[in-house]
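# Structural overview for review
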Amino acid sequence: MSILISSFSLHFYPSLQQKKEIQYPYSFIDKVIFIFLIVCLILSICSFLSFKMRKLQIVLNSINIVFNSATFILILFFSFYHKSFLVFRKTNLFLILFSVCIFYFSNRSIKKDIKLINSINRIR
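Throughout what follows, the structure given in this document is the object of discussion. (Residues numbered from 1 in each chain as written. Predicted model: local features only at pLDDT ≥ 70, side-chain atom pairs only at ≥ 80, totals over all residues. Heavy atoms only, no water.)

On to the pattern of salt bridges. All told, the structure shown has 1 salt bridge when counted by the stated rule. A salt bridge links D113 to R54; its shortest N-O distance comes to 2.8 Å. Of the two residues, D113 sits in helix α6 (residues 90–123) while R54 sits in helix α4 (residues 54–81), which places them 59 residues apart along the sequence. Overall, D113 belongs to the partly exposed group, its relative accessible area being 28%. (Salt bridge = Lys/Arg side-chain N within 4 Å of Asp/Glu carboxyl O. Helix = DSSP H or I, 4+ residues; strand = E, 2+ residues; numbered from the N terminus. Buried < 20%, exposed > 50% of the residue type's maximum accessible area, 1.4 Å probe, protein only.)

Shown next, in the form of structure tokens:
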């Protein structure tokens, strides 16, 4: 689900939908946020592909939580200074927050799975 959410977040990103001729004052921060979103998508894909290595998957999910939180904080920080900055990024804020929740719950379930496997190994 996190891969889909990151993809939707990139799809709804406003700088990709605007024309290239228009230069607005926060184009640098748009590029930084766009790079963070791409990193989050790549980390989500890597986490999905590392389903057999649970410890690595927990680490990748934790790093992804940090990057998503940083993106969320950047959008909120610049929306306080530029009110028009938030107008186009409301869907991104919701998707990023939803993604952080999904990663948190996935980390909890992976830890429960590790605990279950360890208890079964002890019984043997």
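Glancing now at a nonpolar patch on the surface. Residues M1, F94 and F98 make up a contiguous nonpolar surface patch of about 370 Å² in total accessible area. Structurally, F94 is set in helix α6. Judged by relative accessible area, which is 54%, F94 ranks as exposed. (Patch = residues over 30% accessible without salt bridge, like charges linked within 9 Å, V, L, I, M, F, W, Y side chains within 5 Å. Areas by Shrake-Rupley, 256 points an atom, 1.4 Å probe, with all protein chains shown as cover.)

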